[in-house]
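Commentary on secondary and tertiary structure
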Amino acid sequence: MKKSLFTFLLLMAISACDDNCEKGYIAAPQLVPENGKMSPEDMHRLGYLSDPQLSPDGHNILYGITYTSIEENRSNRNLWLCNADGSGKVPVSRYASSVNAARWSKDMKHIFFLQDGQLWKAPFYVGQLGEKVKLTDVEGGISDYKLSPDENSLYYISSIPGPVSAPKDEYPDLDKARAYVTDQLMYRHWDHWVTETPHTYVANLCNGIITKDNSFDILGSEEGYELPTEPFGGAEQLDWAPDSRHIAYSCRKKVGKEYAFSTNSCIYVYDIVTGGTVAVTTEGGYDTDPVWSPDGKHLAWISMERDGYEADKQRLFIADIITLEPEEEGQNFGLEIGAKREVAASLDADVSGIFWTEDSGEIIVPAVVDAVQALFSVDLGKPEPELRRLTPEDWWFGFDVPFFHSQAEDGSMTLLTAYQSNLFPSELVKVTVSSDGKASYEQISHENDAYFASVGKVRQEKVMVKCADGSDMLCWVLYPPQFDPSKTWPAIEMFNGGPQTALDQSWSRRWNFGLMAQQGYVVILPNRHGCTGLGQAWKEQISGDYQGLNMQDYLAAGKWIKSQPWCGKLAGVGASYGGFSAYNLMGIHGDLFDCFISHAGIFSEKMLWYTTEEAWFGNWDNGGLMQYAYEPGQIGPRGDGITFGGMQQAGAPYSNVAKAKEHYANDPEAKLLNWHTPILCIHGMMDFRIPYEQGMAAFNAAQMMGVPSKLIIFPEETHWVTRPQNCIFWQREFFDWLEKWIK
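No experiment lies behind these values; they were computed from the predicted model shown.

**Description of the state of the cysteines**
- Following the criterion strictly, the structure yields zero disulfides and no others.
- No disulfide involves Cys-567; its sulfur sits 12 Å from that of Cys-595, the nearest cysteine.

See the structure below:
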C-alpha cells in the first residue's frame, strides 16, 4: 500500500513540476549517450546523491541530489525522499537555490535546512514540504549547524573578522581602497584570504528569530581561534551530548606562527549552562571528529599522536564520561572526564569516521585497507575491544559512515550507508552481516542506473607490481568497453596527490578514471609508497623521500603497463603532489612516458616553502621529520641548524638537516635540463596551497627548453576546478592533449 502511494505521489510530483518548481530549479536531465560512450558533459549532468538522513521512525530516507546545468554554469541541490528499502522515490523540494544540511524534526512534522546562508524550517507532509519559515537572520550567514537532541537549542557556524584586515578597517574614509594587510602567519588557507575566522554560536530555538545578538559564542573571548578548524572543518567537528547541555568540539587554540607550524588540535567539552570548558586532550597532533555515545557515558574521537605531522595514523580514542550529581541545579559543570584509551589499535589504517550503535556497545568506522574503504566494527563489550571487518576484501567499493544500524535477535547486523566506486558515483546501500560474519549488500537507490546501462561497461582488475625495494604495489587497472587485447591501446598512469592519500574505489568529477576508460584509454592507478590504506609504515616511508621509492614505483607501474602486448603510448597525469610527480618524472623517466599533464603541481620546492600557507606540512615532509617545538621571543637562528625565530624548522631550505638539504637539491626544477617530453600545465589562480606561479614557472621552463608545452590558468579556480563550464573546458583540454600525443 505504501509503495503504491509513493508511486502515485511521484507521478503527481512530475506532472505538477511546472506549477510547483521555482524558476531556476534544475531538474534531472534526460541523458542519451552518444555512441554508447560517457562524455564529460554527461558525467557532470549525472545526479549526485549526498547526506542521507533516516527518519526518526526508521521508515524513510531524506537525502539531496545535485543536478548541474552546464549552460547556466551552476548546480542545484534539492531534497528527495524514499522508503527505507529505497522504493518510492519522490522529490521533496524544487527550489531554485540549493538546499543543504536537511534534518528531520523529532516528531517528523518539519524539516530543517540551510538555504542562502540561513536556517529554515518547513512543515513536512507525505512527499512534500510546506511553506518554509526563516529561523535565523545571522549577519554574514551560517555555513553549518546542528540541533540539540531535545530540539530546544542549536549550534551554528558563522564568522567574525579575521587577522587579515582591509584599508577601511584602519582608515574609514578609504572604503574603496582594496588591500590585504597582516602582521602574522597564517593569512591564507587553500582557497581564501583569512579576512574572516569561523566561530560557533549557541542559540535557543524558542526565542524568535536567531541573530548573533541572542546567541553566545562558544569560544567567548578567545577570538583568535577557529571553531571549526579551517579550511575543511564543519559541524562534524562538534557534537551535542545526549543531555543537550554539553558540546564536545575540536579546536586548535593557536594563532600566528604557532598555528602555521602546529597540528595540535584538542578535544574540549563546553557546558552551555555554566559557560565552562574542560579539555579532554591537551597534547599531540590532530584530535578531531568528537562523537558522543547515545547513552552519554563515552566520547569518541579520531587522534594523531605527533604534533606537526598531518599524515600520522588516525587512531580511534574514547574517554569515559562521569556524570556529576548537582549540588544546586546548573552550578557545577555536570560531568568530568574519566579514563582515555585507544581502541582498535590493531587496525593498521586510518579511521575516517565514527558511528555509535544505538546501545552504545559498538563503534563502526570506515577505513581504507588495500585500496578499498571498508567498514569495521569495534565491540566495546569485550574485556579487550574486539575489531572485525564487516565488508569483505572482494567488495571493491568505498563505504561511507553508516547512518543506520540494527541488530536482530539472531545476531545479524543491518547497516544503511552510501557507497561508490571507480565505476559509479554515490548510491544508497544496505549491508547485512550475519552472526557468523557472512556479508551481503543490496543497492537501494538507483539514481544513475539507467544511464550506466546505456553506456559501455568499463572493466577493472587489481594487479600487483614489483617495486624497486622488492615489495609488491597494489594497482587498479581499468579497461575500456570493448577492450580487445589483440589491438593496441593508449594508456594513462595516474599520479595521486597528498602525497598521503589512496587511489582507492571512488568517483571524482575531474579525475574520473571511468570516464578516461570510456574514451578508449587503459588506466593504471598505482598505490605507490606514501599511499594510505597499506599500513602506516608504507604511508610514512614517503616523508623526506619525495625523490626516492615512490618515483621508482611510478616508473615500475609504467614499465609494467608498457610491457603488456596491447599497450601503445603512455601518458603520466596528476594533480597537487601528483602534479609535482609529473614535473619530477619529466627529468628522470627517460623515454617511458610519451606526454605528461600536471595540475596544481609543485615545480620549485624552495619557492613553495616561502609562499604556501600550511608550514607544518613542508616542515615535516620535506625532510624535517621532527615534532613541533617553539620558544617565543627569539629572533634569527639559534645556532643548532634547525631553530629559527624560536620555531623548529628542520624542513626548511635553510635547515642543516641532511634529508631537507637533499629534498631541495633534487626537486623538479633541479632536473630541468633533462626535460624533453610534451607537458600540459594547469593551475588555478586562486590556489593558495600551491600558488599558480608554480604552474607558470614550469611552463616557462618547458618553453625555454624547447619542450612542446601548453599552459592553462583558471583565474577564478583554486586548488580544484569547480565551476561547471570550467570543468568541461578542463576535461576537453585534458583529452585533447592525450589525443594529440598518445592516441
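More follows now that the structure is in view.
**Observations concerning the sheet that holds strand 21 (residues 298–303)**
- If you walk across this open sheet you meet the four strands as 20-21-22-23, and the pairing is antiparallel. The open sheet has two edge strands with one neighbour each: strand 20 (287–292) and strand 23 (335–343). Going across the sheet, the axis of each strand differs from the next one's by a mean of 25°, ignoring polarity.
- The sheet contact formed by strand 21 and strand 22 (residues 315–323) spans six bridges and is antiparallel. By the bridge assignment, Ala-300 is partnered in strand 22 with Ile-318.

**Let's talk about the pattern of salt bridges**
- In this structure the tally under the stated criterion is 26 salt bridges.
- Salt-bridge contacts for Lys-176 lead to Asp-175; the nearest nitrogen and oxygen are separated by 3.8 Å.
- Take Asp-175: its relative accessible area is 49%, and that puts it in the partly exposed class.
- Note that Arg-306 is salt-bridged to Asp-312, the shortest N-O span being 2.7 Å.
- With relative accessibility at 19%, the residue Arg-306 sits in the buried group.
- Taken together, the salt bridges that share partners define one network made up of Arg-306, Asp-312 and Glu-540.

**Considerations on the sheet that holds strand 42 (residues 709–714)**
- Strand order in this open sheet of eight strands is 33-34-36-35-37-38-41-42, and the pairing throughout is mixed. If you trace the sheet from one side to the other, it starts and ends with strand 33 (459–466) and strand 42, each paired once. Taking each pair of neighbouring strands and ignoring which way they run, the sheet shows an average axis angle of 20°.
- Across five bridges, the pairing between strand 37 (residues 567–575) and strand 38 (residues 595–599) is parallel. Bridge assignment links Ala-571 to a residue of strand 38, and that residue is Cys-595.
- Those strands touched by helix 10 (residues 577–586) are strand 35 (489–495), strand 37, strand 38 and strand 41 (679–684), and its axis lies near 145° from that of strand 38.

**So, the side chain of Ser-55**
- Residue placement: Ser-55 occurs in the loop between strand 1 (48–54) and strand 2 (60–69).
- Since its relative accessible area comes to 2%, Ser-55 is described here as buried.
- There is a polar contact of 2.6 Å between the side chain of Ser-55 and the side chain of Asp-57.
- A polar contact is formed between the side chain of Ser-55 and the backbone nitrogen of His-59, at a distance of 3.2 Å.
- Ignoring anything within four residues of it in the chain, the contact list for Ser-55 reads Asn-60, Trp-104 and Met-108.

**Quick notes on the packing of aromatic side chains**
- Inspection of every chain in the model, using the stated rule, returns 51 aromatic pairs.
- Judged by centre distance (4.9 Å) and plane angle (80°), the ring pair of Phe-644 and Tyr-654 falls under edge-to-face. In this pair, Phe-644 is assigned in strand 39 (residues 643–644) and Tyr-654 in the loop between strand 40 (647–648) and helix 13 (658–665), connecting sequence segments ten residues apart.
- You can call Tyr-654 partly exposed: its relative accessible area is 35%.
- Three or more aromatic residues link up through ring pairs in this structure, and these residues are Trp-395, Phe-397, Phe-399, Tyr-419, Phe-424 and Tyr-441.
- The ring of Trp-190 is capped by Arg-689, whose NZ or CZ atom sits 5.6 Å from the centre of that ring.
- Directly above the aromatic system of Phe-617 lies the positively charged group of Arg-689, at a separation of 5.1 Å from the ring centroid.

**A word on unusual backbone geometry**
- A cis amide bond, omega 5°, links Leu-227 with the succeeding residue Pro-228.
- Turning to its location among the elements, Pro-228 is positioned in the loop between strand 15 (215–217) and strand 16 (238–240).
- Cis geometry is found at the peptide bond from Gly-498 to Pro-499, where omega equals 5°.
- With respect to the helices and strands, Pro-499 occurs in the loop between strand 35 and helix 7 (513–518).
- Of note, the phi angle at Glu-151 is positive, near 60°, even though the residue is not glycine.
- Position of Glu-151 among the secondary structure elements: in the loop between strand 10 (144–147) and strand 11 (153–161).

The rules we used
Residues numbered from 1 in each chain as written. Predicted model: local features only at pLDDT ≥ 70, side-chain atom pairs only at ≥ 80, totals over all residues. Heavy atoms only, no water. Disulfide = S-S within 2.5 Å. Pairing = 2+ DSSP bridges. Helix = DSSP H or I, 4+ residues; strand = E, 2+ residues; numbered from the N terminus. Axes fitted to C-alpha atoms, helices over the stretch in contact; angles between N-to-C directions. Salt bridge = Lys/Arg side-chain N within 4 Å of Asp/Glu carboxyl O. Buried < 20%, exposed > 50% of the residue type's maximum accessible area, 1.4 Å probe, protein only. Contact = heavy atoms within 4.5 Å. Polar contact = N/O pair within 3.5 Å; in protein donor to acceptor, adjacent residues only side chain to side chain. Phe/Tyr/Trp six-rings, centres within 6.5 Å; stacked < 30°, edge-to-face > 60°. Lys NZ or Arg CZ within 6 Å of the ring centre and 35° of its normal.

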